[in-house]
Amino acid sequence: MLTPAGRVHCTIQDWGKFIADQLRGARGEPALLQAASYQKLHTPPFGGEYALGWIVVERDWGGGKVLNHAGDNTMNFANVWVAPRRDFAILVCVNQSGDTAFQASDEAVSSLIKLQAAASHAKTAETKGN
């Protein structure tokens, strides 16, 4: 039997709901848990970058602090990035495992970030032009 490290099994749709909740909670918006719980989940307790399942890093494209989690079960690879300050998250899943899967998901994430940034830039330019 193969399971993810946390032994959570769900559909991509339900994973999307979980990530949307994490995004709302990180933004201080109404969510499943109390605001203090999200703060604890998203803050490395001993410094560094690891916070209770999340890698927490600064990224310009995310407007500052972003959250990442990635991993596989030897058959599938999942990669998620959450950018609370941009109200934006990316979820990528591939039906392969290992370094090739990580590289493919990372390329997909990079492309989606660029696409979102271009759309955001165009929307800002349109708003300023009116």
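Each remark here, short or long, concerns the structure printed above.
No experiment lies behind these values; they were computed from the predicted model shown.

**Focus on the pairing of strand E2 (residues 54-59)**
Logical step 1: In this structure, strand E1 (residues 50-51) lies alongside E2, joined through two bridges in antiparallel fashion. Within E2, the position partnered with Ala51 by the bridge is Trp54.
Logical step 2: Between E1 and E2, which follow one another and run antiparallel, lie two residues, and Leu52 among them has a positive phi close to 45 degrees.
Logical step 3: Here five bridges tie E2 to strand E3 (residues 64-72), and the two strands are oriented antiparallel to one another. Looking at E3, one finds that Arg59 is bridged to Gly64.
Logical step 4: Here E2 folds back onto E3, and the loop between the two strands holds four residues, one of which, Gly63, carries a positive phi near 75 degrees.

**Details of the sheet that holds E1**
Logical step 1: In space, the five strands of this open sheet follow the order E1-E2-E3-E4-E5, with antiparallel pairing throughout. Of all the strands in the sheet, just E1 and strand E5 (88-94) have a single pairing partner and so form its edges.
Logical step 2: Two elements, E3 and strand E4 (residues 77-83), share six bridges in a ladder whose sense is antiparallel. Residue pairing in the sheet places Gly71 in a bridge with Ala78 of E4.
Logical step 3: Docked against the sheet, helix H1 (residues 12-26) engages E2, E4 and E5, running at close to 155 degrees with respect to E5.
Logical step 4: On the sheet, helix H3 (residues 98-129) packs against E3, E4 and E5 and is oriented at approximately 150 degrees with respect to E5.

**Considerations on the side chain of Asp21**
Logical step 1: Mapping Asp21 onto the fold places it in helix H1.
Logical step 2: Every residue in contact with Asp21, bar those within four places of it in the chain, is listed here: Ala31, Leu32 and Tyr38.

**Notes on H1**
Logical step 1: Between its first and last C-alpha, H1 extends 21 Å over 15 residues, near the 21 Å set by a 1.5 Å rise per residue.
Logical step 2: Every buried residue belonging to H1 is among Trp15, Ile19, Asp21, Gln22, Leu23 and Gly25, and all of these are buried.
Logical step 3: Contact partners of the buried residues in H1: helix H2 (35-41), E2, E4 and E5.

**Things to note about the pattern of salt bridges**
Logical step 1: Scanning the entire structure with this criterion turns up four salt bridges.
Logical step 2: Across the pair Asp14 and Lys17 runs a salt bridge whose closest N-O atoms are separated by 3.8 Å. Here the residue Asp14 and the residue Lys17 both occupy positions in helix H1, the gap between them amounting to three residues, near one helical turn.
Logical step 3: Classification of Asp14 as partly exposed rests on a relative accessible area of 39%.

What counts and what doesn't
Residues numbered from 1 in each chain as written. Predicted model: local features only at pLDDT ≥ 70, side-chain atom pairs only at ≥ 80, totals over all residues. Heavy atoms only, no water. Pairing = 2+ DSSP bridges. Helix = DSSP H or I, 4+ residues; strand = E, 2+ residues; numbered from the N terminus. Contact = heavy atoms within 4.5 Å. Axes fitted to C-alpha atoms, helices over the stretch in contact; angles between N-to-C directions. Expected span 1.5 Å × (residues − 1). Buried < 20%, exposed > 50% of the residue type's maximum accessible area, 1.4 Å probe, protein only. Salt bridge = Lys/Arg side-chain N within 4 Å of Asp/Glu carboxyl O.

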